[in-house]
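The residues making up each chain are set out below.
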Amino acid sequence: MGQRDWNDGPMISEKMLLRDKERQVAQRQKKVQMTVLATALPYLLTLPAFLIVVFFIVYPIGTTVVRSFQDGETKAFTWANYQYFLTDPIQQANLLYTLQIVVVTVVFSVVLGYLLALYMRFSRSKVSKWMNQLNLLPRFIPSLVAVYSMIMVIRDSGVLNRVSQLFGGDYKPGMMYNAVGITVMNLWFNIPFVALLILASLSSIRMASVEAARDVGANWFQIFKSIILPVTYKEVLVAITFVFMGNVGSFTTPFLMGGNHPKMLGIALYDQFNSYMDYERTAALSVIMFLICSVSAVFYIISNLKKEKWR
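Remember, predicted model here, so these are calculated numbers, not experimental data.

Reading the values: the criteria
Residues numbered from 1 in each chain as written. Predicted model: local features only at pLDDT ≥ 70, side-chain atom pairs only at ≥ 80, totals over all residues. Heavy atoms only, no water. Helix = DSSP H or I, 4+ residues; strand = E, 2+ residues; numbered from the N terminus. Rg over C-alpha atoms; globule rule 2.2 N^0.38 Å. Buried < 20%, exposed > 50% of the residue type's maximum accessible area, 1.4 Å probe, protein only. Contact = heavy atoms within 4.5 Å. Areas by Shrake-Rupley, 256 points an atom, 1.4 Å probe, with all protein chains shown as cover. Core = buried A, V, L, I, M, F, W, Y, C linked by side-chain atoms within 4.5 Å. Salt bridge = Lys/Arg side-chain N within 4 Å of Asp/Glu carboxyl O. Axes fitted to C-alpha atoms, helices over the stretch in contact; angles between N-to-C directions. Parallel < 35°, antiparallel > 145°, perpendicular 65-115°, else oblique. Left-handed = near helix turned anticlockwise from the far one by under 90°. Nonpolar A, V, L, I, M, F, W, Y, C, P; charged D, E, K, R; others polar. Expected span 1.5 Å × (residues − 1). Polar contact = N/O pair within 3.5 Å; in protein donor to acceptor, adjacent residues only side chain to side chain.

## Concerning the overall build of the protein chain
Along the backbone of the protein chain there are 12 helices and zero strands. Of the regular secondary structure in the protein chain, the N- to C-terminal order runs α-α-α-α-α-α-α-α-α-α-α-α. The globule rule puts the C-alpha radius of gyration for 311 residues at 19 Å, and the 32 Å found for the protein chain is more than 25% above it. Referenced to the eigenvectors of the C-alpha coordinate spread, the extents of the protein chain come out at roughly 130 × 75 × 40 Å. Counting all 311 residues of the protein chain, 32% fall into the buried class. Excluding contacts between residues fewer than 6 apart, the proportion of contacts in the protein chain whose partners are at least 24 apart in sequence is 71%. Of the roughly 20,200 Å² of accessible surface on the protein chain, a fraction of 67% belongs to carbon and sulfur atoms.

## Examining unusual backbone geometry
Cis peptide bonds are those with omega within 30 degrees of zero, and the linkage from His 261 to Pro 262 qualifies with -5°. Its place among the elements puts Pro 262 in the loop between helix H10 (252-257) and helix H11 (265-275). Located in the positive-phi region is Lys 75, a residue other than glycine, with phi close to 65°. Here Lys 75 shows up in the loop between helix H1 (2-68) and helix H2 (80-87). According to the relative accessible area criterion, Lys 75 is partly exposed, its value standing at 41%.

## A few points about the nonpolar core
Counting residues in each nonpolar core, the largest one holds 56 residues, and the members touching the most others are Tyr 114, Val 147, Met 185, Ile 198, Leu 202, Ile 228 and Met 257. Those residues in contact with Leu 202 that lie beyond four places of it in its chain are Ala 117, Leu 118, Arg 121, Phe 122, Ile 228 and Thr 232.

## Focus on the pattern of salt bridges
Pairs can form between side chains of opposite charge whenever their charged atoms are close. Under the defined criterion, the tally for this structure stands at six salt bridges. Linking Lys 172 and Asp 170 is a salt bridge whose minimum nitrogen-to-oxygen distance equals 3.9 Å. What makes Lys 172 partly exposed here is its relative accessible area of 47%. Of the charged contacts, one joins Arg 281 and Asp 278 as a salt bridge, the two residues approaching to 3.6 Å between their closest N and O atoms. Through salt bridges with shared partners, a single network forms among Arg 67, Lys 75 and Glu 280.

## Some remarks on the packing of helix H7 (residues 179-202) against helix H9 (residues 220-248)
Where H7 contacts H9, the two axes come as close as 9 Å, and the packing angle between them is 150°. In this view, H7 runs roughly antiparallel relative to H9, as classed from their interaxial angle. By crossing handedness, the relation of H7 to H9 is classed as right-handed. Each of Asn 186, Asn 190, Phe 193, Val 194, Leu 197, Ile 198, Ser 201 and Leu 202 in H7 lies in contact with H9, whose residues at this interface are Ile 228, Val 231, Thr 232, Glu 235, Val 236, Val 238, Ala 239, Phe 242, Val 243 and Asn 247. Broken down by class, the residue content of the contact of H7 with H9 amounts to 12 nonpolar, five polar and one charged.

## Comments concerning H7
Over its 24 residues, H7 runs 33 Å from end to end, which matches the ideal 34 Å to within 8%, given 1.5 Å per residue. Burial runs high along H7: 17 of the 24 residues are buried. Where H7 begins, the side chain of Asn 178 points an oxygen toward the backbone nitrogen of Val 180, at a separation of 3.1 Å.

The analysis is restricted to geometry; functional conclusions fall outside its scope.
Here's what the structure looks like:
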């Protein structure tokens, strides 16, 4: 009996050592698995969003760029699609017409939106409070409804004309089917948008700071330059970028209120795709519009990197 117990001791210790080694190996494997899981988990969580971006953004853009360099019949490489839009007089007129409307819209939207935001922030009148509430209204009106409503007002036989007839006149605004009407409609959409952006940053300015500046003798221009502009500079850049990009490819307003020639690029793109069914030229015009919008995006990024100079 004693001899069996003496022999069983080393066997038990060997079994315990084997179990300890197995436990250590299992712990190492578990630790490795946890490390791999912790490393891969962020990628797994972002994979669905990444796939959506690839299949619905990157892939369509890539195929559009490739197709823009293809001949419509032979599918061979060609610059003809881009040459058409850059050399054809009609397409050149469309491009200049679009840039003209967009630039005017950006300038007036930013200036008037900025002034509106300043009035709503620093005025304590009842009118400014009502303006603050009404400024949100365009966000809840469908664009198609808004455009048709504007048409009913500014067309030659619209509300303005009928009101003038009540006083013996015959006022015809002449704002339909030209750049003036499109610009007015664009301002209706974009001025409240710009005002909301700038008003959000103006809310961080305390009235005590403005009053303190006035107490030491600063005029309104000095207050604007030293206190207001540095706070709103970034929002102004954002407004310029989004208004520019949003109007380059606009469709509803120029489709309903624009003329036959010249046309904005969004309508020219529609004609190439739907009327002429020239998909290669459609792709080329899409790339051109993308590059035009990229100019404003690059401007925003570069200006945003230099914003510390205003602080």
